[in-house]
Amino acid sequence: RIQILFEVMNSLEPGSKYSLVQCGELQVSHVSPHKRVIGKVFGSINRRWEKHTVMLTDTQLYSQEKYGIFSMPIFLDLIQHIDVVTVSTWEPAINSAVQLRFTDGIVLLQASSPYERDQWFHSLLWKFNILNSKKALKLTSCPEIIAKELKSLVNIALTSQLHDPQIWTDCLVMISNQLNHTNSLPPNALEEIIEALGPALGQLNPPTPELCDFFSRYCRDGPCAATAVVVFAPGVHCILKHNVDFGRYTYIRTFARDFIIALASQDTCPENLPCFIHTMHSPGARCPHPRVLPNLMAVFLAAIWSAFDTKCTYRRNSSVNLLLGSNRNDSNGNNKLPKEKVTTCFMRMIDLCSQHDDWVKEMAPLMQPIPFPEEALKYKPFVEGMACVLKRFAGDNRAEVRECIFPMREGKESWIQLIAPDHNYCPDNGEIFCQIVRILLDKAAVRRKLVRLLGHSCLDAFRLMVIRGDEFFVKMLSEMVESDVIEDKEQKSEALSTLRSNPEGERLYKAMCDRQTALSKLAQLGGPTKLAMPAHSTDSDVEKILSSGPFGNLEKLSLAFTCVTSDCAKHLVKLPNLQHLNLWCTQFGDSGLCMLAEHCTRLRSLNLCETLVTDEGLQALTELKSLTCLNLNSTRLSAQVFEELISKLPHLSSYDIRYTEACQSKEGTFISNTIDKQTNGVSSQSSPNVSGGDKSNTVESPFSKYRSHSEDTDEESETPGTNGVEWSLNVPTIALSGNRKMGPSKESQKAALSSKP
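A quick note: this is a predicted structure, and the numbers were derived from the prediction, not measured. (Residues numbered from 1 in each chain as written. Predicted model: local features only at pLDDT ≥ 70, side-chain atom pairs only at ≥ 80, totals over all residues. Heavy atoms only, no water.)

1. A look at the side chain of threonine 562
The topology assignment puts threonine 562 in the loop between strand 11 (556-558) and helix 25 (569-572). Sequence-distant contacts of threonine 562, defined by excluding residues within four places in its chain, comprise Met533, Pro534, Ala535, His536, Ser537, Cys585 and Thr586. (Helix = DSSP H or I, 4+ residues; strand = E, 2+ residues; numbered from the N terminus. Contact = heavy atoms within 4.5 Å.)

Right, dumping it as structure tokens:
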């Protein structure tokens with residue numbers, strides 16, 4: 001049958017694909033067999049064609065009209081040969097037809113077009129081959145003949161030009177029925193069947209449960225499991241790359257699990273698992289198949305649950321047991337996977353998946369809350385295997401990946417709590433916990449936020465490590481106490497007692513008390529409440545002036561149009577009462593902004609117009625809960641970070657985001673306006689200056705030589721209340737609620753922008 005198919009293929013259009021036909025309008029003619037040439041000539045001249053609506057089923061051809069040639073159905077098992085032939089050179093309107101050869105004559109089927117003719121030919125050929133294969137398998141019990149027929153059937157399905165799901169449905173149903181009625185097969189016949197059925201897995205239709213159970217058992221107990229790795233690999237790739245409902249087709253997931261275990265069991269090729277993950281991901285930086293990772297994780301989690309959960313067992317199909325001839329079932333017909341083998345295999349697979357940067361971002365949400373059974377968490381090798389994955393999560397540059405280690409829901413344990421030394425399932429004495437905390441601190445953009453998370457989730461673990469004498473945790477616990485991240489008084493008292501029980505902790509405690517005393521004295525000494533640095537001042541200039549006298553009462557500082565960078569932030573954080581900061585048109589960047597957000601929590605207004613800050617640093621501003629006014633004009637602010645700031649800063653009422661990506665994405669929404677002078681001090685368009693105001697609360701800058709001529713004008717000629725100091729940050733007033741005032745028109749905005757220095 002395969003030879004007939006290949007002979008006819010040469011006469012058809014190459015590369016054409018057809019659907020399985022079931023009904024159509026055809027011209028039908030019956031031809032009696034003639035041995036002589038003269039008989040054939042007169043037969044073609046006297047040929048009579050009938051028009052019929054022909055129906056094709058699994059066993060027969062029949063016509064709805066029921067007359068002439070189709071007065072009785074034509075059964076397919078009576079056909080001896082199917083071919084496409086030239087009807088006659090004397091009939092140019094009819095070039096060729098499908099020829100059905102019987103013992104008593106020939107039936108010609110003529111379609112309206114060559115495409116429809118070829119479609120009928122391939123459909124009839126497929127039905128003819130399926131019917132003959134069923135007859136051959138029904139009449140034999142020889143394993144070799146069964147393997148030969150199944151292999152022939154799969155090859156016909158692969159080489160057929162029919163592009164129809166029904167093709168593989170018929171094929172797989174037939175194979176499954178045969179597996180149900182077949183006794184144990186010898187190894188050589190079994191291997192031939194496996195090699196024949198392997199290509200069937202590469203089709204889009206889900207394979208039947210019998211077929212998957214047969215393949216699964218072969219991967220586990222088959223005498224030629226190494227062959228299964230080669231034969232099944234393309235089919236498993238196809239399954240994992242497409243959208244498969246594993247909840248409905250659990251047997252497909254079981255087969256994928258057993259294939260991966262067989263892949264890992266090949267001692268002669270230890271690189272099987274890395275190569276498999278590499279081919280599933282593809283060589284590029286991003287995997288082009290979005291369903292691969294979710295399908296892989298579903299297989300991994302189901303395998304671990306089946307190995308550790310006492311209620312999860314695998315029930316084998318009885319026909320598969322008979323076919324493979326294995327007696328490894330227990331008395332209840334159940335088989336539990338060995339947890340050592342599963343842990344080694346699938347923890348290795350999870351670790352390999354986490355090595356791909358694009359997959360890590362998708363894996364992190366799947367790991368929180370902890371999706372594994374409690375028995376697996378008690379198993380020490382399992383938690384040690386997860387440690388490598390958790391370290392990779394902690395060292396990721398994306399905050400959403402790092403946050404998966406911390407608690408996400410009330411009452412649900414997190415990974416950071418599981419590996420903590422005070423937990424029952426901790427695999428060591430805290431070494432893994434210490435390593436992950438160090439990695440998190442190195443990657444944290446806002447250290448204070450991370451310390452707060454650690455204090456809320458792992459305070460007892462920190463205290464235990466301090467009692468054991470770990471110097472790193474002694475410093476961390478001291479930082480928690482000093483930064484007031486421990487809100488509960490009882491817990492804070494316990495933390496202080498634990499800290500003082502360690503010699504290094506006692507020293508840090510005394511130093512902390514000295515710093516708190518120095519800060520109190522600094523606030524009592526007084527000093528100016530306002531300070532503006534001259535233009536072109538540098539970081540060293542800021543350091544000199546802030547170290548020249550007491551600034552405990554300094555609330556407003558303007559560094560606008562200076563040359564300061566992020567290095568000056570280490571001096572600004574020493575100002576305990578700083579509430580208003582102007583950094584307009586400076587070289588201030590993300591690192592300095594993160595430091596300000598961590599320490600200067602009393603800031604109420606901040607001007608970052610025309611600075612170097614980006615989304616990385618601006619995200620840290622969510623820690624400044626007292627912030628009411630914010631100027632981000634001409635910065636690299638994105639719409640996503642802006643929405644985050646709006647949602648996490650409850651008191652923010654005025655802001656300016658003109659000339660940013662956030663403003664462009666919501667054009668027409670944001671209006672610029674100057675803040676009310678009574679709220680934020682005086683306003684001026686001149687360069688920042690320290691002159692004017694309440695002279696008892698101001699200080700003369702020692703860098704007056706840097707001032708321009710315009711700054712030395714008579715005070716009486718200036719607008720009352722300006723005094724050359726720009727305390728208003730030119731932030732817009734925007735209607736955040738229904739009763740807010742909107743800003744000026746676009747014309748007034750352009751006029752204001754034209755006067756900007």
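2. Remarks on the nonpolar core
Phe276 and Phe372 are the most contacted members of the largest nonpolar core, which has 125 residues in total. The greatest single-element share of this core, amounting to eleven residues, is contributed by helix 11 (residues 292-308). Residues in contact with phenylalanine 372, not counting those within four places in the same chain, are Leu301, Ile304, Trp305, Ile350, Met367, Leu377, Phe382, Met386 and Trp415. Within the second largest apolar cluster, 46 residues are counted, among which are Phe588, Leu645, Ile657 and Ala662. (Core = buried A, V, L, I, M, F, W, Y, C linked by side-chain atoms within 4.5 Å. Buried < 20%, exposed > 50% of the residue type's maximum accessible area, 1.4 Å probe, protein only.)

3. Regarding the sheet that holds strand 3 (residues 60-63)
The sheet built from seven strands is open, its strands ordered 4-3-2-1-7-6-5 with antiparallel pairing. In the strand order of this sheet, the two ends are held by strand 4 (74-75) and strand 5 (81-86), each with one partner. Running at roughly 165° to strand 5, helix 3 (residues 114-138) makes contact with strand 1 (23-31), strand 2 (50-56), strand 3, strand 5, strand 6 (96-102) and strand 7 (105-110) of the sheet. (Pairing = 2+ DSSP bridges. Axes fitted to C-alpha atoms, helices over the stretch in contact; angles between N-to-C directions.)

4. Some words on the confidence of the model for the protein chain
Should pLDDT be low for a region, the predicted coordinates there are not to be read in detail. For the protein chain, per-residue confidence averages 75 on the pLDDT scale, and 73% of positions sit at 70 or higher. Predicted confidence for residues 312-335 stays below pLDDT 50, and this span has 56 contacts to residues more than four positions away or in other chains. Confidence drops under a pLDDT of 50 for residues 667-757, and excluding neighbours within four residues, the segment shows 167 contacts in the predicted structure. (pLDDT = per-residue confidence, 0-100.)

5. A short note on the environment of leucine 56
Of note, leucine 56 is situated in strand 2. Sequence separation between leucine 56 and leucine 76 is 20 residues, and the spatial gap between their C-alpha atoms is 9.7 Å. Leaving out residues up to four positions away in the same chain, leucine 56 has contacts with Val21, Gln22, Leu61, Leu76, Trp120, Ser123, Leu124 and Lys127.

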